[in-house]
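The primary structure of each chain is shown beneath.
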Amino acid sequence: MTGTVYLVGSGPGDPELLTVKARRLLEAADVVLHDRLPGPELLAEIPERKRVDVGKRVGGERTPQAAINGALVAHAREGKTVVRLKGGDPMVFGRGGEEAAHLAEHGVPFEVVPGVTSAVAAPGVAGIPVTHRGTASCVSVVTGHEDPEKPESDVDWAALAETGGTIVVLMGVRRLPEYTAALCEAGLDGDTPVAVVERATWPAQQVATGTLATVADEAERVGVSPPAVTVVGDVAAQREQVLAFLEGEP
């Protein structure tokens, strides 16, 4: 009998932000194929005998997507309960759609288990709302790391600059100087507040703040590295007010 594959979102990394269903499935799973984005504390809770690292690291080791797809089908056909554990939500820049399509094509039962996406969680824990009455009534979520084999980018930075509201960029640390410059060239004010949140909810969380004109240099000074989420828009300035409140300042 073919087993079931669960495409599970782990949330931003804090084990306490894992959904009840996700935790139940992790406990029941025969094998867990995981990315490198689930937090280290969460991965440590999963018995080593169950874990298979199929993550990708920019400029380093990476498991080809075709190999991941094949492994999901192979484990399921052995009758195993399989959890494919991803950071954030499996359907937000997590290739969950590709894996779901592959499983459907091969007749393997699967279920999607949503997780808390870092597009909202990372700004939130840094004191930044992605929407704010009178400041931002819309949010655009884009990737800063596209397929390098594409002939050109699918992200229209000029259109995003014109749309207004909040722009959230996932996986965009290495291209931060490029897209902040592109947004400025498209007419977005260079003084627009920006924050880059690294490893949100992890013990090593850190935040770099600045403007479109300065944040790339500030992120380099602070030493921000992947994974990180970039927030562009007036809402990023809310962080200072939140921190002042938490520190007891008027």
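Structural data are supplied above this passage.
Right, let's walk through the structure included here.

Cut-offs and rules
Residues numbered from 1 in each chain as written. Predicted model: local features only at pLDDT ≥ 70, side-chain atom pairs only at ≥ 80, totals over all residues. Heavy atoms only, no water. Phe/Tyr/Trp six-rings, centres within 6.5 Å; stacked < 30°, edge-to-face > 60°. Helix = DSSP H or I, 4+ residues; strand = E, 2+ residues; numbered from the N terminus. Buried < 20%, exposed > 50% of the residue type's maximum accessible area, 1.4 Å probe, protein only. Pairing = 2+ DSSP bridges. Axes fitted to C-alpha atoms, helices over the stretch in contact; angles between N-to-C directions. Parallel < 35°, antiparallel > 145°, perpendicular 65-115°, else oblique. Left-handed = near helix turned anticlockwise from the far one by under 90°. Contact = heavy atoms within 4.5 Å. Nonpolar A, V, L, I, M, F, W, Y, C, P; charged D, E, K, R; others polar. Arc of directions from axis to C-beta.

### Observations regarding the packing of aromatic side chains
Within the structure shown, the criterion is met by 1 aromatic pair. Judged by centre distance (5.1 Å) and plane angle (10°), the rings of W157 and Y179 are stacked. Taken as a pair, W157 in helix α6 (residues 157-163) and Y179 in helix α7 (residues 176-185) lie far apart in primary sequence, 22 residues in all. Relative accessible area serves as the criterion here: at 0%, Y179 is assigned to the buried category.

### A word on the sheet that holds strand β1 (residues 5-9)
The 5 strands are arranged β3-β2-β4-β1-β5 in an open sheet whose pairing can be described as parallel. Sheet topology places β3 (51-53) and β5 (110-113) at the edges, where each strand pairs with a single neighbour. In this sheet, neighbouring strand axes are inclined to one another by 20° on average, regardless of whether the strands run parallel or antiparallel. Direction of pairing for β1 relative to β5: parallel, over a ladder of 4 bridges. Note on β5: the bridge partner recorded for V8 is V113.

### So, the packing of α7 against helix α8 (residues 215-222)
In the contact formed by α7 and α8, the axes pass within 9 Å of each other and the chain directions differ by 160°. In terms of their interaxial angle, α7 and α8 are classed as roughly antiparallel. The hand of the α7/α8 crossing is right-handed. Of the residues in α8, those touching α7 at L176, P177 and T180 are V215, A216 and A219. Here the residues of the contact of α7 with α8 sort into 5 nonpolar, 1 polar and no charged.

### Here we look at α8
Among the residues of α8, those classed as buried are V215, A216 and A219. The buried residues of α8 occupy an angular sector of 105° when the element is viewed end-on, so they sit on one face. Residues of α8 that are exposed and point over 90 degrees away from its buried face: D217, E220 and R221. Residues of α8 that are buried make contact with α7, β8 (193-198) and β9 (206-211). Residue G223 follows α8 closely and has a positive phi angle near 90°.

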